[in-house]
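Listed below are the residues making up each chain.
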Amino acid sequence: MKGLEIAPLKDKRLVVLIAEKEYNEPFWITEPPSAPHYQMLCSLFQPSIAFHKFLDTLIEKVNPNFATEELGMRSEKEFYKDNVLAQMFQNNNIPFFPVDIDGNAKTYLASSLDKKMESRDSILKSLAELSKQKKEKYSVEKEYLVAYGQCLQLEIDEQEREVSFSTRESWIVMGIMDHAREFNVEEEITCLHICSPEHVDGIKKLLESVDVQVEVLKLSKKIVSAHIDARSDDLGNLLQSMQIQVKPVIKKKSPHDSPYLLFYLDTDERASPFDICMAYDAGYNAVIPYDNVTPKDAEKIVQDTIFSRGPKAVKHTCFFIGGRKAEKAEEVLKAVKNSMFPPFQANVIIDPGGAYTTAAAMVAKVEYALLSHKLGDLRDKSCAVLGTGAVGQVTTVLLAKLGCNVTIASLNPKRVDGKEYAQKISALLADRHKVDVIGVFAPTPAKKLEILKKADIVFCAATRGARIIDKELLNELKLLKVLVDINAVSPLGIEGLELKDDMREIIPGIFGIGALAIGELKHKSEKEILRQARDNGKKIYNYNQAIQLARKLVRKEIYPAKLTLTLKYPHVKTDSR
Ligand SMILES: NC(=O)c1ccc[n+]([C@@H]2O[C@H](COP(=O)([O-])OP(=O)(O)OC[C@H]3O[C@@H](n4cnc5c(N)ncnc54)[C@H](OP(=O)(O)O)[C@@H]3O)[C@@H](O)[C@H]2O)c1
């Protein structure tokens, strides 16, 4: 018999979208309470047209790697043959698998129940005989038999519940994990699981316990337009007059779960309200800010937190490391990581001064803009990063890791040691991140022009309120280029570029992306990181995770919550003959 073992995936991330069905898939371990009636109802257990259409739209947008559904009392043949969902997944080329308790395991569990049921039935028989023999209502034997019978019935109910819920849900989750393991996908696998309402919470909890990211979608349906003439008995009119709005409702966590806490460790003098507000908006129940945090402080804060919360609640705990200086934040990260050990591991986010998510958003945005404007692959481009702060440095690292030729430039006219400083930056990036980039000092228009002419893509990451490329410089550029600016404070980094520009041709052949177009993606990415880091523990979210998420968001992959469709009866063409 197959063993029951649920193990996390190695080297891959699994995302399961649980779509809650409109009914509980029939299942019983021994026999249904009133079999014929139940059997008759089973034929009515089918997804409605609204559910079916909603799933069709969902899979078109999310494109899961595979889908699963409980088998219930159906045979595998019935599962594929009589299931409208199986047809739909087949049409969309999505592998679809039944997942449920193993047949042998079910028989084994049922046989242990059979013995108890036999004993209960013999007690019922004895009780019936006793009633025939004795006229008086009260008898000691009867009392005892009733007590034994009740006890057995309670045990049977309890065991049936155990098999139908906890055991069966474990098999279902093992089935999902096993199918996910079969997929040879590099990083992330998405499964769409069609689930009975009564199993949603149990399956979600089990999946989360093995580090799976789970999102639950439940359909809400309402009539959005109906001009029904109450007197009309024309079915066609009735169907044509109605529209149902179908949209998913993302299920919130149960009130019994431990609260989501975020400890905000800022290395600056004052903890920034930016990340604190973002964390509340992402659903944390409390955000606890600390400022002026040193690695020593971090050790104490982390250990006092993880020990007080314990292995279970630590999964609902996140440490967020902020502060304008990336080096200081990285030191704190080291201390946080060293202070945790299994099973006391919380998620950790590091985003000093928003630099990691901002850099990730810049790179993901440009990557996508080039592809969607058919301007080639970012990896093949020469890039110039203007600005050597945290945003400039991380942007440089991400681009170099992609395979681009990168030059990072200090433009600050106040620097006296500019040349040495720029070389020091490239040496530092080589040492810390193993990337090979050129560091130059370009404080004058002539030096800037040299860099601009050589680059296909220019990322402006200089300090806020500093104009670094003016119209005169722009007019000198002849070849097609994409220019990005992240400074949102006037004067903006590039003359003529507006905050909301998103690949606007600012002068012939020069396309610009403004600070708000980048900022919007940065904001969404940070929110998604915060949301993902609420559960599960153990993960470190740095710029590598930020770029993955920003890429997905820019391709609009993470948005099942926004999926709303309107169900309309198809218009029937009248025959003109
Ligand atoms: N939209 C968002 O969500 C978001 C988030 C974070 C940051 N940002 C923006 O991103 C930009 C970079 O931020 P950051 O934290 O990496 O760095 P930063 O500390 O604000 O400054 C970046 C660099 O600007 C250079 N600089 C200073 N004065 C200059 C001048 N007069 N002319 C030219 N360059 C000058 C400095 O270069 P040297 O090193 O050579 O002295 C410094 O390294 C800023 O504009 C910031 O506002 C936006």
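Draft legend 1. Quick peek at the overall build of the chain. Regarding its fold elements, the chain presents 18 helices and 19 strands. Out of the 577 residues belonging to the chain, those deemed buried represent 37%. Sequence-distant contacts in the chain: of pairs separated by 6 or more residues, those separated by 24 or more amount to 74%.

Draft legend 2. Quick peek at the site of the ligand. In the vicinity of the ligand lie 26 residues, with Gly389, Val391, Ser410, Asn412 and Thr463 positioned nearest. Elements that contribute at least two residues to the shell around the ligand include exactly helix H12 (355-372), helix H13 (390-402) and helix H17 (515-532).

Draft legend 3. The sheet that holds strand S11 (residues 382-386), seen in detail. Strand order in this open sheet of seven strands is S13-S12-S11-S14-S15-S17-S16, and the pairing throughout is mixed. Both outer strands of the open sheet, strand S13 (438-441) and strand S16 (502-507), are each paired with one neighbouring strand and no more. For this sheet, the mean angle separating the axes of adjacent strands, direction not counted, is 25 degrees. Where strand S12 (residues 405-410) meets S13, four bridges bridge the pair, whose relative direction is parallel.

Draft legend 4. Quick peek at the packing of helix H10 (residues 295-313) against helix H11 (residues 326-338). The contact between H10 and H11 brings their axes to 8 Å, and the two run at 35 degrees. As for the relative orientation of H10 and H11, their crossing is right-handed in sense. The segment H10 lies against H11, with Pro295, Ala298, Glu299 and Val302 engaging Glu331, Val332, Lys334, Ala335 and Val336. By residue class, the composition of the contact of H10 with H11 is six nonpolar, no polar and three charged.

Draft legend 5. Region of interest: the pairing of strand S14 (residues 457-460). Judged by which residues are buried, S14 turns out to be covered on both faces: Ile457 and Phe459 on one side and Val458 and Cys460 on the other are all buried. In this structure, S14 lies alongside strand S15 (residues 481-485), joined through four bridges in parallel fashion. The residue of S15 that forms the bridge with Ile457 is Val482.

Draft legend 6. Focus on the sheet that holds strand S18 (residues 540-541). The strand order across the open sheet built from five strands is S8-S7-S9-S10-S18, with neighbouring strands paired in parallel fashion. The open sheet is flanked by strand S8 (286-290) and S18, the only strands paired with a single partner. Taken together, the two bridges between strand S10 (residues 347-350) and S18 define a ladder with parallel strand orientation. Each bridged residue has a counterpart across the sheet, and for Val348 the counterpart in S18 is Ile540.

Draft legend 7. Seen up close, helix H7 (residues 200-209). Where H7 is concerned, the buried positions are Val200, Ile203, Lys204, Leu206 and Leu207. For H7, the angular spread of buried residues about the axis comes to 170 degrees, placing them on one side. Remark: Asp211 follows H7 within two positions and exhibits a positive phi of approximately 65 degrees.

Draft legend 8. Structural view of the nonpolar core. Counting residues in hydrophobic clusters, the biggest one holds 102 residues, and the most contacted among them are Ile321, Ala360, Leu386 and Cys460. Broken down by element, the residue count for this core peaks at eleven residues, all from H12. Shared between two domains, this core takes at least three residues from each, and those domains are domain 2 (261-350) and domain 3 (356-521). With sequence-adjacent residues up to four places away left out, Leu386 is seen in contact with Ala409, Leu411, Val458, Phe459, Cys460, Ala461, Ala462 and Ile468. Grouped together as the second largest cluster of nonpolar side chains are 38 residues, Val16, Val99, Met177 and Leu192 included.

Draft legend 9. Up close: the pairing of strand S4 (residues 188-195). Of all eight residues in S4, seven are buried, a share of seventy percent or more. Direction of pairing for strand S1 (residues 13-20) relative to S4: parallel, over a ladder of eight bridges. Across the sheet, the residue bridging to Glu20 is Cys195, located in S4. Bridge count for strand S2 (residues 66-70) against S4 is four bridges, and the pairing is parallel. Considered in S4, the bridge of Ala67 is made with Leu192.

Calculation criteria
- Residues numbered from 1 in each chain as written.
- Predicted model: local features only at pLDDT ≥ 70, side-chain atom pairs only at ≥ 80, totals over all residues.
- Helix = DSSP H or I, 4+ residues; strand = E, 2+ residues; numbered from the N terminus.
- Buried ≥ 20, exposed ≤ 12 C-beta atoms within 10 Å, placed from the backbone.
- Contact = placed C-beta atoms within 7 Å.
- Near = placed C-beta within 6 Å.
- Pairing = 2+ DSSP bridges.
- Axes fitted to C-alpha atoms, helices over the stretch in contact; angles between N-to-C directions.
- Left-handed = near helix turned anticlockwise from the far one by under 90°.
- Nonpolar A, V, L, I, M, F, W, Y, C, P; charged D, E, K, R; others polar.
- Arc of directions from axis to C-beta.
- Core = buried A, V, L, I, M, F, W, Y, C linked by C-beta atoms within 7 Å.
- Domains from an automatic or database assignment.

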